[in-house]
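Take a look at the letters that make up each chain.
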Amino acid sequence: RDLLLWGRLFRGNGICAQDRLMRALIALLGAVLMVSATVPEDAQQLRYTIVARTPHDRSAYTEGLIFKDGGLFESVGQYGRSDVRHVRLSDGKILRARKLSPEVFGEGLTEWKGELISLTWKTGVGYRWRASDLKRIKRFRYPGEGWGLTHDDKLLYMSDGTAEIRMLDPLTFAETGRIAVSLNGFPLDQLNELEWVQGSLYANVWQSEEIVRIDPKTGKVTGIIDLSALVSEVNPSGTDSVLNGIAYDERRDLLLVTGKNWPTLFAIRLGGH
């Protein structure tokens, strides 16, 4: 599992495909020859147990996922099919949904003081929604691509597919800083859906079967959750039907995880055997 992440360490800007392949092969060879743990020395393998499985809309191309007031809010992507929705956790039923314009591709989602904030992929447009009825309140703009979005008690955190996570003012969306994310001393890009959990950032890595835990103060990956068993259970069809979507149920201390076009949402608890 960790080889997927190791390969990403060699995908720097300006490196041709052949060089990337050669460096990935070198990394693979080095990993095979390692006698020590397969997890990079500065990252811990995080174990988990599956607590529950609930239905998830197989047609939902999940981009953002949050847990609030006992239910889920989800941002669904793809042109002409993007929406923001309120979902019942127990059976996956869509309680309410608001479609986005067909020219935008829905992306990350988070909640801030009774409002939902959602991103789009390449159009640099974001939206604020009233959580109670999903009425759109405001449209705003930002530079670059939008991928994942989460928050702590002071700031928003936004991924854009690079190895940097932006820190943003939750009211103005002005950038206040960046976190350079690294795994074993190398930049880790393709950071996607984000969730804030007990002082750490958790992130999906696009096209991988892992979730990484990031120290927001240093940017270092401190933990890796290998969810390949969940991927195998779902047996997704299509190269884009990947693991994506992290929500946190603080009261029960559970991570709720799913994927794009997955029929199942899993509740997992870290620390299992």
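The structure presented is a predicted model; accordingly, all values stated were derived computationally and were not measured.

Reading the values: rules and limits
- Residues numbered from 1 in each chain as written.
- Predicted model: local features only at pLDDT ≥ 70, side-chain atom pairs only at ≥ 80, totals over all residues.
- Heavy atoms only, no water.
- Salt bridge = Lys/Arg side-chain N within 4 Å of Asp/Glu carboxyl O.
- Helix = DSSP H or I, 4+ residues; strand = E, 2+ residues; numbered from the N terminus.
- Buried < 20%, exposed > 50% of the residue type's maximum accessible area, 1.4 Å probe, protein only.
- pLDDT = per-residue confidence, 0-100.
- Contact = heavy atoms within 4.5 Å.
- Pairing = 2+ DSSP bridges.
- Polar contact = N/O pair within 3.5 Å; in protein donor to acceptor, adjacent residues only side chain to side chain.
- Axes fitted to C-alpha atoms, helices over the stretch in contact; angles between N-to-C directions.
- Core = buried A, V, L, I, M, F, W, Y, C linked by side-chain atoms within 4.5 Å.

1. Points about the pattern of salt bridges
Under the criterion given, the structure shown has 13 salt bridges. Across the pair arginine 53 and glutamate 233 runs a salt bridge, and its minimum N-O distance is 2.7 Å. Residue arginine 53 is located in strand 2 (residues 48-55), and its partner glutamate 233 is located in helix 3 (residues 228-234); the two are separated by 180 residues in the primary sequence. Classification of arginine 53 by relative accessible area gives partly exposed; the value is 48%. Note on glutamate 233: relative accessible area 41%, which makes it partly exposed. The residue aspartate 69 makes a salt bridge to lysine 68 at a minimum N-O spacing of 3.5 Å. On the basis of relative accessible area, aspartate 69 is assigned to the exposed category, the value being 72%.

2. What about the confidence of the model for the chain?
Mean pLDDT over the chain: 86, with 84% of residues reaching 70 or higher. Taken as a whole, residues 19-40 scores under 50 in pLDDT and shows 19 contacts with residues more than four places along the chain or in a different chain.

3. Considerations on the pairing of strand 21 (residues 243-249)
Summarising burial for strand 21: seven of the seven residues are buried, a large majority. As paired strands, strand 21 and strand 22 (residues 254-259) are joined by five bridges and run antiparallel to one another. The residue bridging leucine 243 from the neighbouring strand is glycine 259, located in strand 22. Connecting strand 21 to the next strand, strand 22, in antiparallel fashion are four residues, including aspartate 253 with a positive phi near 55 degrees.

4. Quick notes on the environment of aspartate 152
Mapped onto the elements of the fold, aspartate 152 is located in the loop between strand 11 (149-151) and strand 12 (156-159). Take aspartate 152: its relative accessible area is 12%, and that puts it in the buried class. Here the alpha-carbon distance between aspartate 152 and glycine 199, two residues 47 residues apart in the chain, equals 8.0 Å. Within the structure, the side chain of aspartate 152 is placed 2.7 Å from the backbone nitrogen of lysine 154, a separation counted as a polar contact. Of the polar contacts made by the side chain of aspartate 152, one reaches the backbone nitrogen of leucine 155; its length is 2.6 Å.

5. What about the sheet that holds strand 2?
The pairing of strands in a sheet happens through backbone hydrogen bonds and is either parallel or antiparallel. Read from one edge of the open sheet, four strands run 2-23-22-21, paired in antiparallel fashion. The outermost strands of the open sheet, each flanked by one partner alone, are strand 2 and strand 21. Mean inter-strand twist for the sheet, computed between neighbouring axes without regard to direction, equals 25 degrees.

6. Brief notes about the nonpolar core
Burial of nonpolar side chains together is a common tendency in soluble globular proteins. Grouped together as the largest cluster of nonpolar side chains are 18 residues, with contacts concentrated most on Ile211, Ile225, Leu227, Leu255 and Val257. When contributions to this core are tallied by element, the ones reaching two or more residues are helix 3, strand 21, strand 22 and strand 23 (264-270). Look past the residues within four positions of isoleucine 225 in its chain and what remains in contact with it is Gln45, Leu46, Tyr48, Tyr202, Glu209, Glu210, Ile211, Leu255 and Leu270.

7. With respect to the sheet that holds strand 12
Reading across from one edge, 11-12-13-14 is the order of the four strands in this open sheet, with antiparallel pairing throughout. Looking at strand neighbours, the two that pair on one side only are strand 11 and strand 14 (175-180), the edges of this open sheet. Across the sheet, the axes of successive neighbouring strands diverge by a mean angle of 25 degrees, strand direction being ignored. Judged from the four bridges that link them, strand 12 and strand 13 (residues 164-168) form a sheet pairing that is antiparallel. Within strand 13, the position partnered with tyrosine 157 by the bridge is methionine 167.

8. Some thoughts on unusual backbone geometry
With a phi angle near 65 degrees, glutamine 190 is a residue other than glycine that sits in the positive phi range. You can see glutamine 190 is positioned in the loop between strand 16 (186-187) and strand 17 (191-197). Judged by its relative accessible area of 13%, glutamine 190 falls in the buried class. Of note in this structure, aspartate 253 is not a glycine but carries a positive phi near 55 degrees.

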